[in-house]
Amino acid sequence: MLINNAGIMPLAPMARLKVEEWDRMIDVNVKGLLYGVAAALPRFAAQGAGHFINVSSVAGIKVFAGMGTVYSATKFAVRALTEGLRAEAPDGVRTTIISPGAVDSELKTHSSDKETSEALLAWYEANQIPADSVARAIAYAIEQPANVDISEVVLRPVAQEF
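Small disclaimer: the values here were computed from a predicted structure and weren't measured.

Peer 1: Please give an account of the packing of helix α1 (residues 19–47) against helix α2 (residues 69–88) that cites residues and values.
Peer 2: Viewed as axis vectors pointing N to C, α1 and α2 meet at an angle of 15°, and their least axial separation amounts to 8 Å. One finds that α1 runs roughly parallel with respect to α2. Crossing angle aside, the handedness with which α1 passes α2 is right-handed. The segment α1 lies against α2, with Trp22, Met25, Ile26, Asn29, Val30, Leu33, Leu34, Val37 and Leu41 engaging Val70, Tyr71, Thr74, Lys75, Ala77, Val78, Leu81 and Leu85. For the contact of α1 with α2, the residue count by class is 14 nonpolar, two polar and one charged.

Structure follows, in structure tokens:
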């Protein structure tokens, strides 16, 4: 199995034109996933079994407008790549997309935009769930019989609006 969980989230309104941060997000959040697939897919195909767990975000389901539009674009890409991989995967290879909401992790500290960072930290402190919630969702997908593909899991704090 391969768990593609690399990601960064330097949020800011698009008008702040944080182009270098956009480039880094695309490199890590999209290309990182692709490089992981490229490394594991030949082996999975050769052995006739394997499981890709790709971690996205609820921001890949609904645009986190106002401060996270570019981040959402990268997570929509994770979603599209996972679905495409599912459709193209050799027999025996499973794919799962895990889309968490606010999780207690370092992601909330990636913004270089002071105003966005302050708002984001306050929002996370009020809403976040523990990281082991994501680990349990991943374990659930992995523990299924080989002929069962848990294609998607969305988990978020009960209080989270989107």
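Structure's up, so let's keep going.
Peer 1: Got a sec to walk through the environment of Thr96? Specific residues and values, please.
Peer 2: Position of Thr96 relative to the elements: it lies in strand β3 (residues 93–100). C-alpha of Thr96 to C-alpha of Arg86: the two residues are ten residues apart in sequence and 8.3 Å apart in space. Of the polar contacts made by the side chain of Thr96, one reaches the backbone oxygen of Ile150; its length is 2.6 Å.

Peer 1: With reference to specific residues and values, describe the nonpolar core.
Peer 2: If you look at the biggest cluster of nonpolar residues, it comprises 15 residues, and the most contacted ones within it are Met9, Leu11, Phe64, Tyr71 and Leu120. Dropping the residues within four chain positions of it, Leu11 is found in contact with Phe64, Met67, Gly68, Tyr71, Ser111, Asp113, Thr116 and Leu120. Counting residues in hydrophobic clusters, the runner-up holds twelve residues, among them Ile53, Val55, Ala137 and Ile138.

Peer 1: Which residues make up the environment of Thr116, and what values do they have?
Peer 2: Positionally, Thr116 belongs in helix α3 (residues 114–127). By relative accessible area, Thr116 is classed as buried at 4%. Linking Thr116 and Leu2, residues 114 residues apart in sequence, is a C-alpha distance of 33 Å. In this structure, Thr116 is in contact with Leu11, Ala12, Pro13, Arg16, Met67 and Ser111, ignoring residues within four places of it in sequence.

Peer 1: So what's going on with the side chain of Asn127? Which residues, and what values?
Peer 2: By the secondary structure assignment, Asn127 is in helix α3. Owing to a relative accessible area of 14%, Asn127 belongs among the buried residues under this scheme. Ignoring sequence-local partners within four residues, the contact set of Asn127 consists of Ala102, Pro157, Ala159 and Gln160.

Peer 1: How would you summarise empty space enclosed by the protein if you had to cite specific residues and measurements?
Peer 2: For the structure shown, the criterion picks out one cavity of 30 Å³ or more. The space that makes up the largest cavity amounts to roughly 50 Å³. Of all the elements in the fold, those that place two or more residues in the lining of the largest cavity are α1 and α2. Among the elements that line the lining of the largest cavity, the one with the most residues is α2, at three residues.

Thresholds applied
Each chain has its residues counted from 1, running along the sequence as written. Selection of residues for local features in this predicted model requires a pLDDT of at least 70, selection of side-chain atom pairs for listing and counting requires 80 or more, and totals for whole chains, interfaces and linings are taken over all residues. Each side-chain value is worked out from all heavy atoms of the structure, with water and hydrogens disregarded. Helix axes use the C-alpha atoms of the stretch in contact, all axes being lines fitted to C-alpha atoms, and the angles between their N-to-C directions lie in the range 0 to 180 degrees. Note on conventions: DSSP H or I runs of at least 4 residues are helices, E runs of at least 2 residues are strands, and numbering of each starts at the N terminus. Here the angle decides the label: under 35 degrees means roughly parallel, over 145 means roughly antiparallel, 65 to 115 means roughly perpendicular, and every other value means oblique. Left-handed describes a crossing whose near helix is turned anticlockwise from the far helix by less than a right angle; the clockwise case is right-handed. Working rule for contacts: check all heavy atoms of both residues, and any pair within 4.5 Å makes them a contact. Residues were grouped as follows: Ala, Val, Leu, Ile, Met, Phe, Trp, Tyr, Cys and Pro as nonpolar; Asp, Glu, Lys and Arg as charged; and all remaining residues, including Gly, as polar. Residues adjacent in sequence count toward polar contacts only when both atoms are side-chain atoms; beyond that, a polar contact is any pair of N or O atoms within 3.5 Å, and within protein one must be able to donate a hydrogen and the other to accept it. Take the buried Ala, Val, Leu, Ile, Met, Phe, Trp, Tyr and Cys residues and link them wherever side-chain atoms come within 4.5 Å; each set so joined is a nonpolar core. Only protein chains enter the accessibility calculation, which uses a 1.4 Å probe; a residue whose area is less than 20% of its type maximum is buried, one above 50% is exposed, and one in between is partly exposed. Points on a 1 Å grid, built from protein atoms alone, make a cavity when a 1.4 Å probe fits but cannot get out and make a pocket when they are open with protein on both sides within 12 Å along at least 5 of 7 lines; residues with an atom within 4 Å of a point are the lining residues. Grid points are joined across faces, edges and corners, and a volume is the space filled by probe spheres set on the points.

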